[in-house]
Amino acid sequence: MKIDKLTVRQFKTFLKDRWKIIAGAAVVLILLGLSVIGFMGLESFYRKMQLAQLPVMFLIYIVAAVISAYIYVSIMMGRFGAMDYKKVQGSKVNVKFADVLGIDEVKEEALEIVALLKDHAALKKVGGKIIKGLLMIGPPGCGKTYLAKAIATEAGLPFFSLSGSEFTEIFVGVGAARVRKLFEQARRAAYAHGGAIVFIDELDAIGRGRQFSFLGGQETNSTLNQLLVAMDGLQNEQENVVVICATNSPEETLDPAILRPGRLDRKIYIERPTLKGREDIFKFYLGKVQYDPTIDIGRLARKAVFKTPAEIENIVKEASLICIRDKRDVITYKDTSEAMDRVDLGIKHRKHMTPEERRLVAYHEAGHLITLYLQHPTDDVFKASIISRRGALGVVHHQPREELFTESKEKLLADVKVSMSGYMAEKVKFNMTSSGVASDFHHAMQVAHFMVWRLGMGEKHLGDFTTIPESQLSDQIKLDLNNETERILKTCAAEVEELLTKEIALLDRFAKELLEREELEYDEIDAIFKEFNKSKFSGPSNPAA
Ligand code: ZN
């Protein structure tokens, strides 16, 4: 049988790893042998005496061992220098590229790295540059860990993973010792398996710009220094060790030293999934459970704008919990919608309201709903509810139809109008208003202030006035800007008043439906508007449509 080089290497590593155990076992065996020989030579009375003492001695030894172990562990805080990173064989991590969802664009880059890892030898021959470090940057929950695991699986290499926060300890030097140990092990694994991947999550916990203060930060500094030294050490090594780091915070917050050539010189930017990506993710997770085939996954994906894959997984999990609680087998659209509210707004919390209060809240929410549906250029109403959650008495759930990266004046004005419309509905219907409008006003004012002070959307002045310290602005400019802010609020309020007065039948109808059903879903809302022959953009501000 031909023994290949790797098998010999693996055997060598095996012996190297365990020589202490083997030597220890030999010593114990020799001592036991000597003891037996001596024992046989004793007279029978002494032999019995020895045997009689044996259990007591044994107990004493055990108690002593336990006590010293306890003292040792408590002194060392149980974790002193201990390595609890998870080393896994690449084939055992077993995350396929197909399982990495919603980030198709970055998969290609990752595959390129896999190819380079596999083709390490060929690359060296042609004198190509070897990738030593890869940095993944993106918001949490977008599958960075998954991607790193997929790279390890695909390349079939051992995978060492540790989180940055595990390096930061109270004791100076522990973090650095861990880094040293981690890289030492990775190198040995690479020697035995032809390569290894070290994955450090939450790099920002150690890779933040090094600070020099007396109050702390020394520990992170020494850990980071050690990491840099270890990564530079890989440059001259024959072993194929690749370091993959992940961070949630922007790269500017990282120590520039870590991004220098030869360290983490490859970067992969991971974004939140797009509409198409979210659809795929919903399909994937719903595919694992029983769900109603009439669920409009496209709409779910639109509703879940800005959600990460982890959040979507969470929504599907919540939905199946709701389904189980109601003793049904099949997840419906209502379950997913309820699950999304739970994730976003917390669990329903029925407050005891008087009938008058409920009526007021119903009209308030109906006002938001109508204004949003008829006048908002970019947002869709997904749901309206008068069940209180997290302190709010009711809610109209809306989302932009797709991610927007800039906002138009029209959109911002519509935001102000929608915020003012709860107040206006109360005023139009009851000719009185309540304290329920405070957070709406807060939001409306914020938007209007932002438009005038920062975006030049007022009439008289142009520029971002927040760049200048307020003490340096003339009183006249401040007065003008504040007047314009107020004018926006008043104009919007007047337009909403006109709209709701005109649509009072619609307002009554929605309030009635909310009082009866407590929650209205998109379909139900849409059906009522159709009944009234209303579609989007037919409000007073767009008479032509
Ligand atoms: Zn409101």
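Scroll up a little and you will see the structure.
Keep in mind that what you see is a predicted model, and the values were worked out from it rather than measured.

Draft legend 1. View of the overall build of the protein. The helix and strand inventory of the protein stands at 19 helices and nine strands. Every one of the 545 residues in the protein was classed for burial, and the buried ones make up 43%. Taking the intrachain contacts of the protein between residues at least 6 apart in sequence as the baseline, contacts between residues at least 24 apart amount to 76%. As displayed, the protein has an accessible area near 29,400 Å², and 60% of this comes from carbon and sulfur atoms.

Draft legend 2. Quick look at the nonpolar core. One finds I370, F510, I525 and F529 to be the most contacted residues of the largest nonpolar core, which totals 46 residues. The set of elements that each furnish at least two residues to this core consists of α14 (355-375), β7 (379-385), α15 (409-430), α16 (438-454), α17 (475-502), α18 (504-517) and α19 (522-531). Here the element with the most residues in this core is α14; it accounts for nine residues.

Draft legend 3. Highlighting the pattern of salt bridges. Across all of its chains, the model carries 34 salt bridges by this definition. Among the salt bridges present, the one from D523 reaches R299, with a minimum N-O distance of 2.9 Å. In this pair, D523 is assigned in helix α19 and R299 in helix α11 (residues 297-303), connecting sequence segments 224 residues apart. Assessed through its relative accessible area of 45%, D523 is described here as partly exposed. For E524, the salt bridge identified is with R517, shortest N-O distance 3.0 Å. Counted as one network, the salt bridges with shared partners bring together R509, E513, R517, E524 and E531.

Draft legend 4. Quick peek at a nonpolar patch on the surface. On the surface, V27, I30, L31, L34 and I37 cluster together to form a nonpolar patch covering roughly 530 Å² of accessible area. Mapping V27 onto the fold places it in helix α1 (residues 5-41). On the basis of relative accessible area, V27 is assigned to the partly exposed category, the value being 47%.

Draft legend 5. Structural context of the coordination of the zinc ion. The zinc ion binds to the protein through H364 (NE2), H368 (NE2) and D440 (OD); the donor distances cover 2.1 Å. Its relative accessible area of 6% is what places H364 among the buried residues.

Draft legend 6. Examining the packing of α15 against α16 more closely. Contact pair α15 / α16: the axes reach a minimum separation of 8 Å and the direction vectors enclose 155 degrees. Classified by the angle between their axes, α15 and α16 sit roughly antiparallel to one another. At the point where α15 passes α16, the crossing takes the left-handed sense. Mapping the contact onto sequence places K409, L412, L413, V416, S419, M420, G422 and Y423 in α15 and D440, F441, H443, A444, V447, A448 and M451 in α16. Residue composition of the contact of α15 with α16, grouped by class: ten nonpolar, three polar and two charged.

Draft legend 7. Representation of the sheet that holds strand β9 (residues 519-521) in the model. Read across the sheet, three strands follow the order β8-β7-β9 without closing on themselves; strand pairing throughout is antiparallel. Of all strands in the sheet, those bounded by a partner on one side alone are β8 (395-400) and β9. Neighbour-to-neighbour, the strand axes of the sheet open up by a mean angle of 25 degrees, direction not taken into account. Across three bridges, the pairing between β7 and β9 is antiparallel. Looking across to β9, one finds that K383 is bridged to E521. Across the sheet, helix α13 (residues 333-345) lies against β7, β8 and β9, angled at about 115 degrees from β9, the strand it touches most. α19 rests against β7 and β9 of the sheet, and its axis sits at about 80 degrees to β9.

Draft legend 8. Expanded view of the pairing of strand β3 (residues 159-163). The buried fraction of β3 is high, at five of five residues. What you see with β3 is no split at all: F159, S161 and S163 on one side and F160 and L162 on the other are buried throughout. Relative to strand β4 (residues 196-201), β3 runs parallel, the two being bridged by five bridges. From the neighbouring strand, L162 faces β4, where its bridge partner is I200.

Draft legend 9. Main features of unusual backbone geometry. One non-glycine residue, E202, lies in the positive phi region at around 50 degrees. Inspection of the secondary structure puts E202 in the loop between β4 and α8 (204-207). In this structure, E518 takes a positive phi of about 65 degrees despite not being glycine. Locating E518 in the fold gives a position in the loop between α18 and β9. On the basis of relative accessibility, which here comes to 21%, the residue E518 falls in the partly exposed class.

Draft legend 10. Quick look at α16. If you check α16, its first and last C-alpha atoms are 23 Å apart, about what 17 residues at 1.5 Å a residue would give, namely 24 Å. Along α16, the residues classified as buried are D440, A444, V447, A448, M451, V452 and W453. Buried residues along α16 sit in contact with α14, α15 and α17. G456 sits one or two positions beyond α16 and adopts a positive phi of about 65 degrees.

Rules of the game
Residues numbered from 1 in each chain as written. Predicted model: local features only at pLDDT ≥ 70, side-chain atom pairs only at ≥ 80, totals over all residues. Heavy atoms only, no water. Helix = DSSP H or I, 4+ residues; strand = E, 2+ residues; numbered from the N terminus. Buried < 20%, exposed > 50% of the residue type's maximum accessible area, 1.4 Å probe, protein only. Contact = heavy atoms within 4.5 Å. Areas by Shrake-Rupley, 256 points an atom, 1.4 Å probe, with all protein chains shown as cover. Core = buried A, V, L, I, M, F, W, Y, C linked by side-chain atoms within 4.5 Å. Salt bridge = Lys/Arg side-chain N within 4 Å of Asp/Glu carboxyl O. Patch = residues over 30% accessible without salt bridge, like charges linked within 9 Å, V, L, I, M, F, W, Y side chains within 5 Å. Donors = N, O, S within 2.8 Å, 3.2 Å for Na, K, Ca; no water. Axes fitted to C-alpha atoms, helices over the stretch in contact; angles between N-to-C directions. Parallel < 35°, antiparallel > 145°, perpendicular 65-115°, else oblique. Left-handed = near helix turned anticlockwise from the far one by under 90°. Nonpolar A, V, L, I, M, F, W, Y, C, P; charged D, E, K, R; others polar. Pairing = 2+ DSSP bridges. Expected span 1.5 Å × (residues − 1).

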